[in-house]
Amino acid sequence: MDLQALTFTFVGITFAIYIGIGLWSRTGSTKEFYVAGGGVPPVLNGMATAADWMSAASFISMAGLIAFLGYGGSVFLMGWTGGYVLLAMLLAPYLRKHGCFTVSEFISDRYYSKTARVVAVICLIIASVTYVIGQMKGIGVAFGRFLEVDYTDGLLIGMGIVFVYAVLGGMKGITYTQVAQYVIMIIAYTIPAIFISLQMTGNPIPQLGLGSTLADGSGTYLLDKLDQVVTGLGFAEYTTQFRLNMTNTFVYTLSLMIGTAGLPHVIMRFFTVPDMKAARESAGWALVFIAILYTTAPAVAAMARLNLIDTVHNTQVSELPGWVAKWETTGLLKYQDKNGDGKIQYVADKAKNEMTKVDRDIMVLANPEIAQLPNWIIALVAAGGLAAALSTAAGLLLAIASSVSHDLLKGVWHPEISESKELFYGRVSMAGAIALAGYLGYNPPDFAAGTVALAFGLAASSLFPAIMMGIFSRTMNKEGAIAGMLAGITVTLLYVFQHKGIMFVASTSFMGGMPNNWFLGIEPNAFGAVGAVVNFAVAFLVAKSTAKVPANIAKMVDNMHSAK
Amino acid sequence: MSKDNSYWEANLALIKKCLAIWFVVSYVFGILLVEQLNAISLGGYKLGFWFAQQGSIYVFVALIFYYAKKMGEIDANSK
């Protein structure tokens with residue numbers, strides 16, 4: 001079979017599995033729809049959480065990002081995994097003990113306030129909607145590149161698949177399809193990495209291969225060789241290049257960790273396990289499954305960078321391998337023989353560099369071809385990329401739909417509606433959320449580019465502190481929590497918008513993106529942690545000078561603090 | 001009530017211990033002391049680089065399971 005037919009077969013089989021699971025897991029109650037009945041075993045929930053968490057960006061873009069940032073890319077590796085430690089110890093078990101369907105519901109119960117609930121819903125919807133746009137784009141692009149299907153058609157097919165299992169199956173359907181998606185995604189990610197590690201270092205385990213000597217008989221360590229090669233071409237040394245400076249690296253890592261722990265679609269996954277104990281274990285399993293990909297990524301990154309340079313630098317244009325031409329047609333790769341010597345020079349100096357564009361996504365997408373792996377592996381990567389985008393999109397869509405049907409409709413506007421009505425509206429909200437996400441994926445607004453900054457910034461500066469204080473403090477009252485959330489969001493958004501424009505419309509940026517205006521040299525994407533500190537400080541000050549929490553709320557906190 | 005309090009205090013003490021390790025492996029070894037640790041090598045890895053891109057993640061996983069196990073014991077003792 002040729003590559004095209006193989007890819008269609010692989011993607012077709014995986015989609016049939018997802019639809020099959022969707023039909024099998026139809027839901028009949030709100031408890032099944034929102035939290036999969038609350039009986040998901042910890043290991044399976046861990047796997048589903050990993051799929052939910054690892055998006056198209058983790059699968060396709062992260063290794064490429066690290067390939068070009070070197071040590072600087074560690075921010076993402078530590079930031080996007082360390083958050084699970086916070087989640088496991090500071091949030092998940094207690095929220096499970098309290099027992100609720102949505103994150104905003106907890107905030108509403110704990111702070112005895114509909115206003116707090118609405119503030120939480122607004123944060124949640126902004127964070128989730130911006131995040132989901134990226135996934136929809138990922139789905140469209142993956143179809144376009146691998147199956148040569150039109151972007152719009154690809155988007156519609158993706159929406160159709162999610163519609164079947166998310167509308168029918170709710171959280172239950174999403175959970176079990178995510179388990180399947182994790183398996184597909186991890187196989188697709190690790191197999192090419194194993195082959196490449198074996199080719200380059202003779203060691204089949206990429207995590208060990210990265211620390212091994214090259215298989216070319218030179219006895220040189222792979223990372224030492226990479227450092228020599230990149231510095232020889234004028235690039236920064238791979239293993240020591242910082243992301244801006246140490247303060248920024250520190251704060252950025254912290255923001256990503258707090259943001260990860262505060263993202264509602266991740267927290268929500270821990271409402272589906274049976275009890276506190278299961279919630280703790282499940283967080284551990286989630287991180288095991290995430291770590292398999294996240295510790296492989298740095299190996300893929302370094303090996304792909306070395307491979308790429310080896311293949312193209314000082315190579316005759318006429319002898320460039322076939323994949324160069326193929327990726328050139330997609331616009332992700334461009335070269336120009338500026339000095340007319342018939343060879344490609346790939347160097348840091350912009351005036352002399354002849355690889356004029358190397359999109360970072362290429363590092364994962366073209367990796368199997370660069371390493372000359374067989375076609376079935378390339379087809380597998382296509383199915384894996386789609387699984388990553390679909391699983392994250394579905395989790396986010398459920399977070400959006402449940403906050404509309406459960407928090408706004410049932411919780412604020414019409415508390416009297418029956419369960420079957422709420423379930424019906426839950427499905428309607430899900431369908432609406434899919435349509436909205438599809439529309440925004442088709443017409444990405446200006447602010448789509450700032451997705452990461454906004455989603456993590458909001459989660460870190462508003463939701464995480466509010467939930468954590470709600471659990472750990474017996475005295476935090478609604479005035480403090482609301483003031484804290486608003487202060488945290490305001491500071492974070494002002495900082496992001498003043499440098500990147502209001503809702504990321506660049507022309508409205510009132511201080512410009514210039515680094516010399518950055519507070520302590522911290523880039524806007526890294527500002528969530530500062531917002532969180534402001535949130536905590538304001539909340540404590542306000543809570544000190546306002547009314548005490550009612551006795552029943554103190555009792556609720558005591559209950560979360562007990563084993564029974 | 002006093003039993004509840006001792007349960008919660010045991011939990012808080014355990015969290016503090018775990019988060020101290022969490023902080024040291026990532027922020028101290030992976031960021032603040034990265035340059036000093038890079039002088040030491042672990043196979044082909046510079047040690048600071050290894051902590052930032054591999055080691056911290058392994059420790060995070062171990063920490064969560066350690067916490068879950070210890071909390072399981074604390075749960076059992078307070079029932």
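Rules used in this analysis
Residues numbered from 1 in each chain as written. Chains lettered and ligands numbered in written order. Predicted model: local features only at pLDDT ≥ 70, side-chain atom pairs only at ≥ 80, totals over all residues. Heavy atoms only, no water. Helix = DSSP H or I, 4+ residues; strand = E, 2+ residues; numbered from the N terminus. Rg over C-alpha atoms; globule rule 2.2 N^0.38 Å. Buried < 20%, exposed > 50% of the residue type's maximum accessible area, 1.4 Å probe, protein only. Contact = heavy atoms within 4.5 Å. Areas by Shrake-Rupley, 256 points an atom, 1.4 Å probe, with all protein chains shown as cover. Salt bridge = Lys/Arg side-chain N within 4 Å of Asp/Glu carboxyl O. Buried area = accessible area lost by both parts, 1.4 Å probe. Polar contact = N/O pair within 3.5 Å; in protein donor to acceptor, adjacent residues only side chain to side chain. Nonpolar A, V, L, I, M, F, W, Y, C, P; charged D, E, K, R; others polar. Axes fitted to C-alpha atoms, helices over the stretch in contact; angles between N-to-C directions. Parallel < 35°, antiparallel > 145°, perpendicular 65-115°, else oblique. Left-handed = near helix turned anticlockwise from the far one by under 90°. Phe/Tyr/Trp six-rings, centres within 6.5 Å; stacked < 30°, edge-to-face > 60°. Lys NZ or Arg CZ within 6 Å of the ring centre and 35° of its normal.

Trainee: Give a description of the overall build of chain B that names residues and reports values.
Mentor: When you go through chain B residue by residue, the secondary structure sums to 3 helices and 2 strands. Going residue by residue from the N terminus, the α and β elements of chain B occur as α-α-β-β-α. Relative to a compact globule of 79 residues, whose C-alpha radius of gyration would be 12 Å, chain B shows 17 Å and is clearly more extended. Here chain B holds 79 residues, and the buried ones make up 52% of them. If you take every contact in chain B between residues at least 6 apart in sequence, the share linking residues at least 24 apart comes to 58%. Summed over all atoms, the accessible surface of chain B reaches about 3600 Å², with 68% contributed by carbon and sulfur.

Trainee: Before we move on, can you summarise the pattern of salt bridges with the specific residues and values?
Mentor: All names here are of chain B. Applying the stated rule across the entire model yields 9 salt bridges over all chains. As a salt-bridge pair, Lys 69 and Glu 73 come within 3.5 Å of each other at their nearest N and O atoms. Of this pair, Lys 69 and Glu 73 both sit in helix α3 (residues 47-77), 4 residues apart, which is roughly one turn of that helix. For Lys 69, a relative accessible area of 54% corresponds to the exposed category. Using a relative accessible area of 36% as the deciding quantity, one classes Glu 73 as partly exposed. In the salt-bridge network here, residues are joined through shared partners; they are Lys 69, Lys 70 and Glu 73.

Trainee: How would you explain the interface of chain B and chain A if you had to name every residue and give the values?
Mentor: Across the contact, 42 residues belong to chain B and 52 residues belong to chain A. Across the chain B/chain A interface, buried area totals approximately 4100 Å², and carbon plus sulfur atoms make up 73% of it. When the area that chain B buries against chain A is broken down by residue, the three leading residues are B:Trp8, B:Gln53 and B:Ile64, summing to 16%. At the junction of chain B with chain A, the criterion picks out 2 salt bridges. B:Asp75 is the salt-bridge partner of A:Arg280, the closest N and O atoms lying 3.3 Å from each other. Remark: the boundary between chain B and chain A carries 14 residue pairs in polar contact (both at pLDDT 80 or more). Of the residues forming the side of chain B that touches chain A, the biggest block, 17 residues, is contributed by α3(B). Tallied by class, the residues present in the side of chain B that touches chain A amount to 26 nonpolar, 11 polar and 5 charged.

Trainee: Lay out the packing of helix α4 (residues 56-69) of chain A against helix α8 (residues 151-201) of chain A with the relevant residues and their values.
Mentor: Residues and elements named next belong to chain A. One can describe the packing of α4 onto α8 by two numbers: an axis separation of 11 Å at closest approach and a directional angle of 25°. Looking at the two axes, α4 sits roughly parallel to α8. The two elements α4 and α8 meet at a crossing, and its hand is right-handed. In this structure, α4 uses Ser 58, Phe 59 and Ala 63 to contact α8, whose residues at the interface are Met 185, Ala 188 and Tyr 189. Looking at side-chain class alone, the contact of α4 with α8 contains 5 nonpolar, 1 polar and no charged residues.

Trainee: Give me unusual backbone geometry: which residues, what numbers.
Mentor: Residues and elements named next belong to chain A. Of note in the backbone geometry, Ala 36 takes a positive phi value of approximately 55° without being a glycine. With respect to the helices, strands and loops of the structure, Ala 36 is situated in the loop between α2 (30-35) and α3 (42-53). Looking at Ala 36, the relative accessible area reads 12%, which means it is buried. Positioned with a positive phi, Tyr 112 is a non-glycine residue whose angle comes to about 35°. Relative to the assigned elements, Tyr 112 resides in the loop between α6 (103-110) and α7 (114-147).

Trainee: So what's going on with the packing of aromatic side chains? Which residues, and what values?
Mentor: Using the criterion set out here, one finds 29 aromatic pairs over all chains in the structure. The positively charged end of A:Arg305 is found above the aromatic ring belonging to A:Phe235, 5.2 Å away from the centroid.

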